[in-house]
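# Notes for the structure review
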Amino acid sequence: MRDERFCASNCSFTRAIGTIGNKWKPIIINVIGTRTVRFGQMDSIIPHISRKVLTEQLKELEEDGLLIRIAYKELPPRVDYRLSEKGLAFLPILESIKEWNFKYEVALIPKENDRITYNK
């Protein structure tokens, strides 16, 4: 859910955070990247997001001009999503965040299959 107080702020940084500042929007933008993706694909790729929240976030990203929603008049209905020019311009920022995390990440979280076993 968007915080309108952030979006209406006099500070440009605060407004930017209001546009992309929850945990799901950067993840959605990263998943879409430079390709066209369907709702079902995003739903299966992004862990722990409900379909309701994904729908809300996609709608807000479209309203903010980061995302283009392409609806086809077919049966069954088909909808594709891709990033707009504004959304594509955000990808290098996400890459910088990933590089920052990689550089300063304290400890890697082991994958389920990579559980550490100790010899006694």
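Our subject is the structure listed above.
In this text, all values refer to a predicted model and were calculated from it rather than measured experimentally.

## Quick look at the overall build of the chain
- Tallying secondary structure elements over the chain gives six helices and three strands in all.
- Counted from the first residue to the last, the chain has its helices and strands arranged as α-α-α-β-α-α-β-β-α.
- Out of the 120 residues in the chain, the part that is buried amounts to 28%.
- Considering only residue pairs separated by 6 or more positions, the chain has 45% of its internal contacts joining residues 24 or more positions apart.
- When the accessible area of the chain is evaluated, it comes to approximately 9,200 Å², of which 57% is carbon and sulfur surface.

## A closer look at the pairing of strand β2 (residues 67-72)
- Examined bridge by bridge, β2 and strand β3 (residues 78-83) share six bridges and lie antiparallel to one another. For Leu67, the partnering residue across the bridge sits in β3 and is Leu83.
- Turn length for the β2-β3 hairpin, with the two strands adjacent in sequence and antiparallel, is five residues.

## Here's the deal with the pairing of β3
- When strand β1 (residues 37-38) meets β3, the two strands line up antiparallel, connected through two bridges. Across the sheet, Arg38 pairs through a bridge with Asp80, a residue of β3.

Definitions and limits used
- Residues numbered from 1 in each chain as written.
- Predicted model: local features only at pLDDT ≥ 70, side-chain atom pairs only at ≥ 80, totals over all residues.
- Heavy atoms only, no water.
- Helix = DSSP H or I, 4+ residues; strand = E, 2+ residues; numbered from the N terminus.
- Buried < 20%, exposed > 50% of the residue type's maximum accessible area, 1.4 Å probe, protein only.
- Contact = heavy atoms within 4.5 Å.
- Areas by Shrake-Rupley, 256 points an atom, 1.4 Å probe, with all protein chains shown as cover.
- Pairing = 2+ DSSP bridges.

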